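Descriptive analysis of the structure
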Amino acid sequence: MKEIKVDLSDRSYPVLVGSDCLDHVEKYYPDSTKRVAIVTQKEIGVEIPSGKDYKIFEIETGEKAKSIETVIELCRSWVDWGLTRSDIVVGLGGGMVTDVAAFAASIYHRGLEVVNVPTTLLGMVDAAIGGKTGVNLPEGKNLIGTFWQPKAVVCDVDTLQTLPEREWKCGYGEVAKYHFLGADDMRGFGLIDTVLECVKVKTRVVAEDERETGKRAILNYGHTLAHALELENEFTLAHGEAVAVGIRYAAEVAFLLGRIREDRVAYHEEILNHYGLQMKLGKRINPERIISFFLRDKKSKNGITFVLDGDKGVEPVLVQEQNILEKALEVVQ
Ligand code: GLY
């Protein structure tokens, strides 16, 4: 088992990556802990060894359940159980579970500690690390939430054994992203090393810009179109699938703006192909609707901000050429 530190002064914490390491979760409970609220979903099927009084709180599956109503229900059932600020919450599941559990923990009794135990590849390489929590609104994804760093993140790759094919693809959508954010070429790496490499990049970026005032936005590479497509398709498109299409689209926008050459676009395709990811949506995209979604994105302050590749690597760029944003959609539909 390897440990990587997220360096955030007094809020620093470890990310553990390995196999058969769930018994480490308990180590991170504060001494004051009397009760452990484990937030999970029925189909996760993973148990955490616990010497403390614990209770399982199951939430529904799917982006629709990633809502403020779910958070309120959780908080109300914690009140019923008598959970206090000196206890702990464990988020056990994919990105949706850890986002919801940590958001509820961050507001319950004005905040209690949380340990994230991701059980999907996507959760291990992205969602469970970095303290972003939140839920969707009908108007968009993750529009309400908090920054609430966990006490620890424990990634046990054994929990991935039963991961459905589509969930693997979702994770690989995020893994592909790290190829453009300074990760080593992970093609040929085993699973643990792949997770470790992604975690290294993510923890580095988060340590530099915890609250996304600048650099952290690069972690959203491919995500602006992805979020719009997920919303447009009422979440029938899985996040990682949408990210793969979004990465190919971002490459096209960068190419049309003269920021990267054809060989770099080809490299994007090579990486996405390597992970078996689709780069096209397979149906027509309505440009007006998609652009209106872009304008709602949290990163859009004075127009449409895109995370784009270029000479200096991937960085946020204000794009004023709406015609290019529309034209680039042609390669991904
Ligand atoms: N998933 C993007 C971030 O953590 O900033």
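Refer to the structure printed above.
Let me sum up the structure you'll find in this document. Treat the numbers as computed from the prediction; the structure is a model and nothing was measured. (Residues numbered from 1 in each chain as written. Predicted model: local features only at pLDDT ≥ 70, side-chain atom pairs only at ≥ 80, totals over all residues. Heavy atoms only, no water.)

Glancing now at the sheet that holds strand β9 (residues 152-156). Here 7 strands make up an open sheet; going across it, the order is β1-β2-β9-β6-β5-β3-β4 and the pairing mixed. On the outer flanks of this sheet lie β1 (2-6) and β4 (53-58), each paired with one strand and no other. Averaged over all neighbouring strand pairs, the angle between strand axes comes to 20°, with direction disregarded. Strands in contact with helix α2 (residues 95-107) are β3 (35-40), β5 (88-93) and β6 (113-118); relative to β5, the strand with the most contacts, it is inclined by about 165°. On top of the sheet, helix α5 (residues 191-208) reaches β1 and β2 (13-18); it is set at about 15° to β1, its chief contact. (Pairing = 2+ DSSP bridges. Helix = DSSP H or I, 4+ residues; strand = E, 2+ residues; numbered from the N terminus. Axes fitted to C-alpha atoms, helices over the stretch in contact; angles between N-to-C directions. Contact = heavy atoms within 4.5 Å.)

Pairing analysis gives 5 bridges linking strand β10 (residues 304-308) to strand β11 (residues 315-319), with the strands arranged antiparallel. Pairing of Phe306 across the sheet is with Val317, part of β11. Linking two consecutive strands that pair antiparallel, namely β10 and β11, is a turn of 6 residues; a positive phi of about 90° is found at Gly313 within it.

Attention now moves to the site of the ligand. Inspection of the region around the ligand gives Asp126, Lys132, Lys202, Glu212, Arg216, Leu219 and Asn220 as its neighbouring residues. Within the side chain of Asp126, one N or O atom sits 3.0 Å away from a nitrogen atom of the ligand. One nitrogen or oxygen atom from the side chain of Lys202 is found 2.5 Å from an oxygen atom belonging to the ligand. Look at the ligand: alone it shows 200 Å² of surface, and the protein chains cover 89% of it. Of the residues that constitute the shell around the ligand, the class distribution is 1 nonpolar, 1 polar and 5 charged. (Near = heavy atom within 4 Å. Polar contact = N/O pair within 3.5 Å; in protein donor to acceptor, adjacent residues only side chain to side chain. Areas by Shrake-Rupley, 256 points an atom, 1.4 Å probe, with all protein chains shown as cover. Nonpolar A, V, L, I, M, F, W, Y, C, P; charged D, E, K, R; others polar.)

Bringing the nonpolar core into the picture now. Counting 74 residues, the largest nonpolar core has Val15, Tyr178, Leu225, Tyr249, Ile290, Phe294 and Leu325 as its most contacted members. Here the element with the most residues in this core is helix α7 (residues 239-256); it accounts for 10 residues. Beyond its immediate sequence surroundings of up to four residues, Tyr178 is in contact with Val125, Asp126, Ala183, Met186, Cys198, Val201, Lys202 and Leu219. (Core = buried A, V, L, I, M, F, W, Y, C linked by side-chain atoms within 4.5 Å. Buried < 20%, exposed > 50% of the residue type's maximum accessible area, 1.4 Å probe, protein only.)

This paragraph deals with the pattern of salt bridges. Once the charged atoms of two side chains with opposite charge are near each other, the side chains can pair. Within the structure shown, the criterion is met by 23 salt bridges. The salt bridge involving Arg187 is made with Glu270; its shortest N-O contact spans 3.0 Å. Highlighted residues: Arg187 in the loop between α4 (165-178) and α5 and Glu270 in helix α8 (residues 262-274), separated in sequence by 83 residues. Given the relative accessible area of 26%, Arg187 is considered partly exposed. The class of Glu270 is partly exposed, set by a relative accessible area of 43%. With a closest N to O distance of 3.7 Å, Lys327 and Glu330 form a salt bridge. Taking relative accessible area as the criterion, Lys327 reaches 46% and is therefore assigned partly exposed. Look at the salt bridges and you will find they share partners, linking Asp126, Glu174, Lys177 and Lys202 into a network. (Salt bridge = Lys/Arg side-chain N within 4 Å of Asp/Glu carboxyl O.)

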